[in-house]
Structure formats: C-alpha cells, structure tokens
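Chain by chain, the residues run as shown.
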Amino acid sequence: MTRVRVRQHVNPLSNKYQQSISIPHWSQIYSNLSQPFHLDLGCARGRFLLQMAQKNPHKNYLGIEIREALVTEANQIKDEYNLTNLYYLSGNINYFLRELLTSLPLNMIELVTIQFPDPWFKKKHQKRRVVQSEIVEILAQFLSKKGQIFLQSDIQEVAEEMCEKFLENSHFKPLTPEIWLTENPLEVMTEREIATLNKEEKVYRTILILNQS
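This is a predicted model, so every value here is computed, not measured.

### Considering the overall build of the protein
And then number 1: Counting its regular elements, the protein contains six helices and seven strands.
And then number 2: Traced from its N-terminal end to its C-terminal end, the protein shows the element sequence β-α-β-α-β-α-β-α-β-α-β-α-β.
And then number 3: A burial count over the protein gives 51% of its 213 residues as buried.
And then number 4: Counting contacts in the protein only where the partners sit at least 6 residues apart, residues at least 24 apart contribute 78% of the total.
And then number 5: Carbon and sulfur atoms make up 48% of the accessible area of the protein, which totals about 11400 Å².

### Remarks on helix α3 (residues 93-103)
And then number 1: All of the buried residues along α3 are I93, F96, L97, L100 and L101. Along the axis of α3, the buried residues cluster in a sector spanning 150 degrees; they form a single face.
And then number 2: Against the buried residues of α3 lie β1 (37-41), β2 (60-65), β3 (86-90), β4 (109-115) and α4 (133-142).
And then number 3: Its side-chain oxygen 3.1 Å from the backbone nitrogen of N94, N92 forms the N-cap of α3.

### Some remarks on the pairing of β1
And then number 1: Taking burial as the measure, the five residues of β1 include five buried ones, the bulk of the element.
And then number 2: Two elements, β1 and β2, share five bridges in a ladder whose sense is parallel. Note that in β2 the partner of L39 across the bridge is L62.
And then number 3: Between the parallel pair β1 and β2, the chain is carried across by helix α1 (residues 47-55), and the sense of this crossover is right-handed.
And then number 4: In the sheet, β1 pairs with β4 via four bridges, with the strands oriented parallel.

### Quick notes on the sheet that holds strand β7 (residues 204-210)
Backbone hydrogen bonds are what pair the strands of a sheet, in a parallel or an antiparallel way.
And then number 1: The sheet built from seven strands is open, its strands ordered β3-β2-β1-β4-β5-β7-β6 with mixed pairing. Taken across any chain shown, the strands that pair with only one partner, and hence form the sheet edges, are β3 and β6 (172-174). Averaged over all neighbouring strand pairs, the angle between strand axes comes to 20 degrees, with direction disregarded.
And then number 2: One ladder, built from three bridges, connects β6 with β7; its direction is antiparallel. Looking at β7, one finds that K173 is bridged to I209.

### Brief notes about unusual backbone geometry
And then number 1: A positive phi angle, close to 55 degrees, is found at N82, a residue other than glycine.
And then number 2: Within the chain, E200 stands out as a residue other than glycine whose phi angle is a positive 60 degrees.
And then number 3: Note that E200 resides in the loop between α6 (191-198) and β7.
And then number 4: By relative accessible area, which is 74% here, E200 ends up exposed.

### A few points about the side chain of N60
And then number 1: On the secondary structure map, N60 appears in strand β2.
And then number 2: Relative accessible area serves as the criterion here: at 0%, N60 is assigned to the buried category.
And then number 3: With near-sequence residues (within four places) excluded, N60 lies in contact with Y30, N32, L33, Q35, P36, F37, H38 and N85.

### Examining the packing of α3 against α4
And then number 1: Viewed as axis vectors pointing N to C, α3 and α4 meet at an angle of 10 degrees, and their least axial separation amounts to 10 Å. Classified by the angle their axes make, α3 and α4 are roughly parallel. Along its contact with α3, which presents I93, N94, L97, R98, L101 and T102, the element α4 presents I135, I138, L139, Q141 and F142.
And then number 2: Residues belonging to the contact of α3 with α4 are distributed by class as follows: seven nonpolar, three polar and one charged.

### Things to note about the pattern of salt bridges
And then number 1: The full count for this structure, using the stated rule, is eight salt bridges.
And then number 2: The partner of D154 in a salt bridge is R192, and the shortest N-O contact between them spans 2.9 Å. Of this pair, D154 sits in the loop between β5 (143-153) and α5 (156-167) while R192 sits in helix α6, and the two are 38 residues apart along the sequence.
And then number 3: Among the salt bridges present, the one from E193 reaches R205, with a minimum N-O distance of 3.0 Å. With a gap of twelve residues between them, E193 in helix α6 and R205 in strand β7 connect regions that are remote in the sequence. Accessibility assignment for this pair places E193 and R205 in one class, buried.
And then number 4: One salt-bridge network, in which partners are shared between bridges, spans R45, R47 and E73.

About the criteria used
Residues numbered from 1 in each chain as written. Predicted model: local features only at pLDDT ≥ 70, side-chain atom pairs only at ≥ 80, totals over all residues. Heavy atoms only, no water. Helix = DSSP H or I, 4+ residues; strand = E, 2+ residues; numbered from the N terminus. Buried < 20%, exposed > 50% of the residue type's maximum accessible area, 1.4 Å probe, protein only. Contact = heavy atoms within 4.5 Å. Areas by Shrake-Rupley, 256 points an atom, 1.4 Å probe, with all protein chains shown as cover. Arc of directions from axis to C-beta. Polar contact = N/O pair within 3.5 Å; in protein donor to acceptor, adjacent residues only side chain to side chain. Pairing = 2+ DSSP bridges. Right-handed = clockwise from strand over helix to strand, strands pointing away. Axes fitted to C-alpha atoms, helices over the stretch in contact; angles between N-to-C directions. Parallel < 35°, antiparallel > 145°, perpendicular 65-115°, else oblique. Nonpolar A, V, L, I, M, F, W, Y, C, P; charged D, E, K, R; others polar. Salt bridge = Lys/Arg side-chain N within 4 Å of Asp/Glu carboxyl O.

See below:
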C-alpha cells in the first residue's frame, strides 16, 4: 500500500473538527468485548497499536486520530492482518471523549497512552494541545481502578505540562516516587520514539494511576 500523505498538523479547534462522530457498534468490530481496552490518543498512522494488537490478542486496542486519511489507511492495514482486537476512529478527542468512553464496556479501560502529541509551541496555540483539564477528568471517571495513563514526549515542556494537568486532578498520582521513567515499560515503541533515541535525544515518560486513598 502506498503511504498516504497528509498535513503534519491540523487545527483541532476549527469548525471541521467540532462535529459529532458516529460511534460504531463495538460488537461488530471486536470479537471479544470482555477483554480490557488500551486507548491510544493521537495514534497517527497506528503502527504502534498494530504491533501491540498482534502481540496481545487477549486485549482490545482502539486508536483515535484527528486526521481521517490516516485512520482510513490504518483500518485498511488492520483488515489485511485480520485483526479483530483493533480499530481506529477519526475525530477530535477533546470533543467526543465522554461519548466514546460511555459507549465502551464499563470498567474495561486498562491503559491510555498519549505519545508525542503535537506541541503547539506558540502560547496562543497551546489551547489546541490534546491534554486539557476536561480530558483528564473524563479519563479519571472511566479508567478502571487498576488502569494506567502512559505519557511521553521528546519535548520536556510538553511532557511536563501533560503530567501537571493529570497531577492537578486529585484522582491521579505517579506510579512511582520518581515521576520520570528512564525506560519505556511497553513492549513496542512508536516510530517517533525510535527516531528520537536514534538521534541520542531524550524522551520524557511517566505513568500515572488512580489515587485510591
């Protein structure tokens, strides 16, 4: 398949991305809805989840990406692999996350990953960043009790801001006393992470869990 070419960044606040989306009938997508879910917010081309789904058939994977062309391509590829534990959905997650999570089986969100999101460096554009207080609160409501949030970026400012947004919410705390992880605990790395490490540049990673106290 020819690699689809799309714009690297799109404005999530434009009218085009403030529309409702059609939520699929999940029983027609996943072969086993009783399996725990891993959500990847901002999954880009979806190659990370493609590998994860192949390695872990006992888990369900759902990637969310704002650029529709990438989602179409990713779903075509997952169909070629005949994967029934993986799906990609297109839309602005800041606009429909609650609706999406309400549609999924209750208490089955085991892991949420947000990896190398668009940095939006200009201060006037930072409201476009994916991790906002509203998103954090919704995830706190739907994450399973033993669920985890995995964040990473090669830009320190972005990683710190994402982490702060979660820790400002009383529902979350770091998994370990040392907030930043030196190694990726997941069995698959994204293309961006591999490229960053090959340049011998630093990746900032953390895992957050629900505060049970």
